[in-house]
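Structural description and commentary
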Amino acid sequence: MATATAPGAVGELIRQRKLFIDGEFVDAQSGKTFGVINPGTGAEMCRVAEADKADIDAATKAARRAFESGPYPKMSNRDRGRMLSRIAALIMENREELARLESLDNGKPIGETMNVDIPASAATFEYYAGWADKLEGSVIPVDGNNLNYTRLEPVGVVGQIIPWNFPLLMLAWKIAPAICGGNTIVMKPAEQTPLSALRFAELCAEAGVPPGVVNIVPGFGETAGAAISGHPDIDKVAFTGEWKTGQIIMRAAAGTLKRISLELGGKSPNIVFDDADIPSAIAGAMGGIFFNAGEVCCAGSRLFVQSGIHKEFVQEFAHQANSIKVGDPLDETTQQGAQVSKEQFEKILGYIDIGKNEDKAELACGGERVGDTGYFIRPTIFDGVTNDMRIAREEIFGPVVSAIDFADEEAVIAEGNKTMYGLAAGVWTKDIKKAHRVAHGLRAGTVWINTYNAFDAASPFGGFKYSGFGRENGKAALELYTQVKSIWVNMD
Ligand code: NAI
Ligand code: MG
């Protein structure tokens, strides 16, 4: 298998570097481009057209036109479903290419892009393909001699702004339900990872998606992203990323009363009771924080371990964390790849320093970079952490976990909830009653019992508190992309 540094392989793999607007690949109107970095090496792999306001305007016009005229609004729901199925099939046909592109662009291991990111993206399209012809309204018994029924209609042109941690999967979570509901789309991938989205644009054309239905406009947040969230002709904006950016988007959307849905970060408690099955709980603690090098919004970054087992648990956890193979994202045996960017790499190392400077926290393993090129960080565990420390309060978004001691159930529910966030949580115990009590007590959008990071296109995902609002995946996401129309008929 080629390595991340082989230049020939990279050149061949990157087929598209332009904006995708109205079914065509075009340069930015300004002519500007930006560099795309391979985080495994730190080197620039290519330059991609940089959208700003003028391009967002053009994409929005195309999306509006496609929403109102041409083949798309006349397409039956079942045909929209068939289109989604074709996209799903094309993703799987191009699985290996997409996986390599994603690993190069994001730095995540090829084993994960092949077996998680790409198949899960296809499954999301498959899932919403099945919903398209099941978007039923209802007939409502009302007073008087009236027939009243409802229809689920599309919201219109939707703007979607996604992050870099699961580039194709985040795109799928947003585009699949939007098409299912009959909307048209202006999608801005993250500036760190535009490549799989551009390849996806080609697949849309191949799947027969009419021009203007899906527009892909890579660019920066403050320019292209801001143009989307404030655009007078965009009806809704869906965003995943940092909570502070969520606030900016909410304010910008207020000007034109756009609907918004926000999936923001987390500082999720992963709670291990004395009576848990210890080997599975250790595996869950590992996957909970080190999956995707910790660049996961629902990462189990606060590991609560009960006093009776705390010491031995953290010892074994650190032992296993030390054996994680960190390295070349394109090597099939790699377990943890590179952090996405220099900026993110430095942010994580900065938090590691903050942890080292906490008197009571002690480093159980890791705490440094790996090698001297690329953005690799050793899996890092701090023990003796308390909830008031910065490393327990702020989202680090890297392979850094804070182990916290707790005495009993009541205390850990209170401490688990002592966070601004509420995205996810984990509970490890053999006591089924306690498991459910704790799951009900935690203020989080997802709670995993004796597992962590379980996902399915059919199951809703989203946050409480500063982790945002609106639910992606499942039937719930259809509420984001449809609106109810009530129709009255006088039967007298
Ligand atoms: P970010 O929230 O700034 O970026 C996410 C997306 O929003 C990107 O497409 C970006 O271009 C866009 N964006 C940025 N500023 C914008 C603006 N003013 N208007 C419209 N769109 C805008 O996140 P960033 O800076 O990449 O990462 C910072 C931190 O955010 C991370 O270290 C992590 O803690 C958190 N984060 C959380 C994610 C999650 O899944 N919840 C994903 C990515 C980052
Ligand atoms: Mg930012």
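A brief report on the enclosed structure follows. It should be emphasised that the depicted structure is a prediction, and the values quoted were computed from it without experimental measurement.

On to the overall build of the protein chain. A tally of regular secondary structure across the protein chain gives 15 helices and 22 strands. The globule rule puts the C-alpha radius of gyration for 492 residues at 23 Å, and the 23 Å found for the protein chain is close to it. Projected onto its principal axes, the C-alpha coordinates of the protein chain cover approximately 75 × 65 × 40 Å. Counting only residues that meet the buried cut, the protein chain has 57% of its 492 residues in that class. Here the contacts in the protein chain between residues at least 6 apart in sequence split such that 74% fall between residues at least 24 apart. Counting every atom, the protein chain has about 19400 Å² of accessible surface; 52% of that belongs to carbon and sulfur. Averaging the coordinates of the 49 positive side-chain charges in the protein chain and doing the same for the 62 negative ones gives two points 4 Å apart.

This part covers the layout of surface pockets. If you add up the space inside the largest pocket, you get close to 880 Å³. Elements with a minimum of two residues in the lining of the largest pocket: helix H8 (221-229), strand E10 (236-240), helix H9 (243-254) and helix H12 (342-356). Per-element accounting of the lining of the largest pocket gives the leading share, five residues, to H8. Looking at the lining of the largest pocket residue by residue, the class counts come to 12 nonpolar, 11 polar and eight charged. The residue makeup of the lining of the largest pocket includes at least three contributed by each of domain 1 (19-264 + 468-486) and domain 2 (269-457). Computed from the structure, the second largest pocket encloses a volume of approximately 300 Å³. Lining the second largest pocket are 16 residues; nearest its centre among them are Asn77, Arg80, Arg151, Leu152 and Pro154. At the level of elements, helix H3 (77-93) and strand E6 (146-154) are the ones that each hand at least two residues to the lining of the second largest pocket. Looking at the lining of the second largest pocket element by element, the count peaks at five residues for E6. Its residues assigned to classes, the lining of the second largest pocket comprises seven nonpolar, five polar and four charged.

Scoring rules and cut-offs
- Residues numbered from 1 in each chain as written.
- Chains lettered and ligands numbered in written order.
- Predicted model: local features only at pLDDT ≥ 70, side-chain atom pairs only at ≥ 80, totals over all residues.
- Heavy atoms only, no water.
- Helix = DSSP H or I, 4+ residues; strand = E, 2+ residues; numbered from the N terminus.
- Rg over C-alpha atoms; globule rule 2.2 N^0.38 Å.
- Buried < 20%, exposed > 50% of the residue type's maximum accessible area, 1.4 Å probe, protein only.
- Contact = heavy atoms within 4.5 Å.
- Areas by Shrake-Rupley, 256 points an atom, 1.4 Å probe, with all protein chains shown as cover.
- Lys, Arg positive; Asp, Glu negative; His and termini not counted.
- Charge placed at Lys NZ, Arg CZ, Asp CG, Glu CD.
- 1 Å grid on protein atoms, 1.4 Å probe; cavity = no way out; pocket = protein on both sides within 12 Å on 5 of 7 lines; lining within 4 Å.
- Points joined across faces, edges and corners; volume = space filled by probe spheres on them.
- Nonpolar A, V, L, I, M, F, W, Y, C, P; charged D, E, K, R; others polar.
- Domains from an automatic or database assignment.

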